[in-house]
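# Coordinate inspection notes
What follows is each chain in one-letter form.
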Amino acid sequence: MRLVIGHLYPDHMSIYGDRGNVIALTRRAQWAGMDVELRPIGPGEEGNLTSLDLLFMGGGQDKEQALIADDLVRYKAASLRAAAADGLPILAICGGYQLLGHYFRTGERGTLPGIGVFDAWTVAGSRRCIGDCLVESDLAGEMRTIVGFENHSGQTYLGEGARPLGRVLVGYGNNSRDRQEGAVQRNAVGAYLHGALLPKNPWLADWLLRQALLRRYGRADLPALDDTVEEEAHRAVIARIRRRGRVRSGAI
């Protein structure tokens, strides 16, 4: 079997280890015996994104988001919305998550347009949400934990069309108020969690790969892998959270 993984704006939107998510998806698919093509997608490029099997978009500072926001709307929006509606598995982190919502109203750069893959919107906050984050999620049909590192001031709110990825146990999540983290809409997943997210949460990587296989081949034959190292990394973050408690910025 063959999978095509798209990496959207790899030169603009890939901070705090986000590129590691693409590496994790690629390696896990290869370890499962699949042939993988990694396809970078940059500014000015059009194309039929429904032909992809999986898409990743990382985070960036407000400056980088402003640089690519118009391109995203002009060249990618229609195809990406169609692909999402067709069930394309998508993982969008932080700034990517924000721009796949309806809009991001920044503090200094005006309102950046989004493309509405997620029924969500983001406004600039007055404090920075930074530190280790622990989330519980039933995305894969049973309650599992997700660990990551958040670093954002944007406050994201979900509409009725999206559901949260999980409930925040430690950290801030979408907006530091409703205890929700991330968004799920069809097979698209948005999250604020850097770090990179997937190497420390292999079950989430496998969930994305299974959705890609189901969409492309109608079956999700993904063999079990030895996740000893990945699970150790997961437990190490939880141990650090227990030692330190909630990590906050100096803003509060």
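Above this note sits the structure.
Presented here is a report on the structure given in the accompanying data block.

Here is what the cut-offs are and how they apply
Residues numbered from 1 in each chain as written. Predicted model: local features only at pLDDT ≥ 70, side-chain atom pairs only at ≥ 80, totals over all residues. Heavy atoms only, no water. Helix = DSSP H or I, 4+ residues; strand = E, 2+ residues; numbered from the N terminus. Expected span 1.5 Å × (residues − 1). Buried < 20%, exposed > 50% of the residue type's maximum accessible area, 1.4 Å probe, protein only. Contact = heavy atoms within 4.5 Å. Disulfide = S-S within 2.5 Å. Arc of directions from axis to C-beta. Salt bridge = Lys/Arg side-chain N within 4 Å of Asp/Glu carboxyl O. Pairing = 2+ DSSP bridges. Axes fitted to C-alpha atoms, helices over the stretch in contact; angles between N-to-C directions.

### A closer look at helix α1 (residues 19-31)
With 13 residues, α1 should cover 18 Å at 1.5 Å per step; its first-to-last C-alpha distance of 19 Å lies within 8% of that length. Turning to α1, its buried residues number three or more, namely G20, N21, V22, A24, L25, T26, R28 and A29. The secondary structure elements touched by the buried residues of α1 are β1 (2-8), β2 (35-41), β3 (54-57), β4 (90-93), α4 (202-217) and α5 (228-244). G33 occupies a position one or two residues after α1 and carries a positive phi of about 95°.

### Focus: the state of the cysteines
By definition, a disulfide links the sulfur atoms of two cysteine residues through a covalent bond. Counted under the stated rule, the structure contains zero disulfides. Cysteine C94 is unpaired, with the sulfur of C129 as its nearest cysteine sulfur at 10 Å. With relative accessibility at 7%, the residue C94 sits in the buried group. Between C129, a free cysteine, and C133, which holds the nearest cysteine sulfur, the sulfur-to-sulfur gap is 9.7 Å.

### Quick notes on α5
When the terminal C-alpha atoms of α5 are compared, their 24 Å separation across 17 residues agrees well with the 24 Å that a helix rising 1.5 Å per residue should span. The set of residues buried in α5 consists of E230, H234, V237, I238 and I241. Down the axis of α5, the buried set is contained in an arc of 95°. They therefore lie on one face. Across α5 from its buried face, at more than 90 degrees, point the exposed residues V229, R242 and R243. Buried residues belonging to α5 abut α1, β7 (120-137), β8 (144-158), β9 (166-170) and α4.

### Some remarks on the pattern of salt bridges
Enumeration over the complete set of coordinates arrives at 13 salt bridges. Between E230 and R28 there is a salt bridge; the shortest N-O distance is 4.0 Å. Taken together, the residues span a long stretch of sequence, with E230 in helix α5 and R28 in helix α1 at a distance of 202 residues. Of the two residues, E230 and R28, both sit in the buried class. Connected via shared salt-bridge partners are R2, D35, E37 and R39.

### Examining the environment of D227
Topologically, D227 is positioned in the loop between α4 and α5. For D227, a relative accessible area of 16% translates into the label buried. Residues in contact with D227, not counting those within four places in the same chain, are R28 and P202.

### A closer look at the pairing of β7
Here strand β5 (residues 103-105) pairs with β7 via two bridges, running parallel. Within β7, the residue paired with R105 across the bridge is V123. With 14 bridges joining them, β7 and β8 adopt antiparallel strand pairing. Looking at β8, one finds that L134 is bridged to V147. In this structure, the hairpin formed by β7 and β8 is closed by a connection of six residues, where G141 is found at a positive phi of approximately 100°. The pairing of β7 with β9 spans three bridges and is antiparallel. Within β9, the residue paired with E136 across the bridge is R167.

### Focus: the sheet that holds strand β11 (residues 183-185)
If you trace the six strands from one edge of the open sheet to the other, you get β2-β1-β3-β4-β12-β11, paired in mixed fashion. Two strands bound the open sheet, and with one partner strand each, they are β2 and β11. Averaged over all pairs of adjacent strands, the angle between their axes in this sheet comes to 15°, without regard to strand direction. With seven bridges joining them, β1 and β2 adopt parallel strand pairing. Looking at β2, one finds that H7 is bridged to P40. Across the sheet, α1 touches β1, β2, β3 and β4, and the angle it forms with β1 is around 175°. Across the sheet, helix α2 (residues 62-85) is in contact with β1, β2, β3 and β4; its angle to β1 comes to roughly 150°.

Read these as geometric descriptors, not functional statements.
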